[in-house]
Amino acid sequence: MVADSIQINGYTHIIHNSDLISEEQSLQNSEAFFRFLDSRRSVRDFSDRPVAKELIENLIKSASTAPSGAHKQPWTFCAVSNSELKSKIRVAAEIEEKENYENRMSERWKKDLAPLATDMHKPFLETAPWLIIAFKKVYEFDETGAKHNNYYVNESIGISCGMLISAIHDAGLVTLTHTPSPMNFLSKILDRPKNERAFLLLPVGYPKDPAYVPDLKRKELEDVAIFFE
Ligand code: IYR
């Protein structure tokens, strides 16, 4: 007789429910999933075609399933479809990007970016129907008002954003990882509390028809993996 649940340190542990699949099915799934992820591209040309709020809610729910340090889920996702706010974000981002491209970035950095054809202009911040801004919660307050740092915050929100990007791709939508730097203008525009810091901005929507992306190649397995058997 197997117990449905057990107690450890006074906390309930339940049986992990995972459907066992055959090794052949496993291999097939892993190949199909690789092909699916390999078909994702960062897209900068967006259509203004609307995307339902319910869909964005599902994407954020998926992102929030990510593992996190001590299961603190140290994130807030702000989803913006309001045109005025999107315009404010674009104006503020382009001010920072102008400074980046003209003064902060090295020649080497700009040369590395040349294949991506990026510049200080960020029209997608207004064209895309939604902007999702991921904020990391560096610390939180408990019931007594005491401040506690969260754990592995960058790792946690990074994983969560990776899952969000995959969910966006799975929904047939496109995005790109936009990191206007510094990003504190986002806290001001979206009125976020002090314990939250902007981590990543993801415009979400349908691609423009056609949308052009740079003809990039990914590294081969041999260049990214070493096996010790
Ligand atoms: N944040 C700037 C510059 C930029 C930097 C890197 I590294 C990129 O991969 C892409 C862009 C911008 O968004 O244009």
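Residues numbered from 1 in each chain as written. Predicted model: local features only at pLDDT ≥ 70, side-chain atom pairs only at ≥ 80, totals over all residues.

> Tell me about the overall build of the protein, residues and numbers included.
Tallying secondary structure elements over the protein gives eight helices and seven strands in all. Each of the three principal axes of the protein carries a C-alpha extent, and together these read 65 × 55 × 40 Å. Here the protein holds 229 residues, and the buried ones make up 24% of them. In the protein, 79% of the contacts between residues at least 6 apart in sequence involve partners at least 24 apart. (Helix = DSSP H or I, 4+ residues; strand = E, 2+ residues; numbered from the N terminus. Buried ≥ 20, exposed ≤ 12 C-beta atoms within 10 Å, placed from the backbone. Contact = placed C-beta atoms within 7 Å.)

> Can you break down the UniProt feature "domain: Nitroreductase" (unreviewed entry) in the protein residue by residue, with the values?
Following the UniProt record, one finds the feature "domain: Nitroreductase" (unreviewed entry) at residues 38–206. Helix makes up 41% of residues 38–206 and strand 17%, whereas the separation of the span's terminal C-alpha atoms amounts to 18 Å. (UniProt positions renumbered as here; feature names shortened; annotations may be inferred.)

> Break down the site of the ligand for me, with residues and values.
Taken together, Glu97, Asn100, Leu113, Leu116, Thr118, His178, Thr179, Pro180 and Ser181 make up the full set of residues adjacent to the ligand. For the shell around the ligand, the per-class residue count stands at three nonpolar, five polar and one charged. (Near = placed C-beta within 6 Å. Nonpolar A, V, L, I, M, F, W, Y, C, P; charged D, E, K, R; others polar.)

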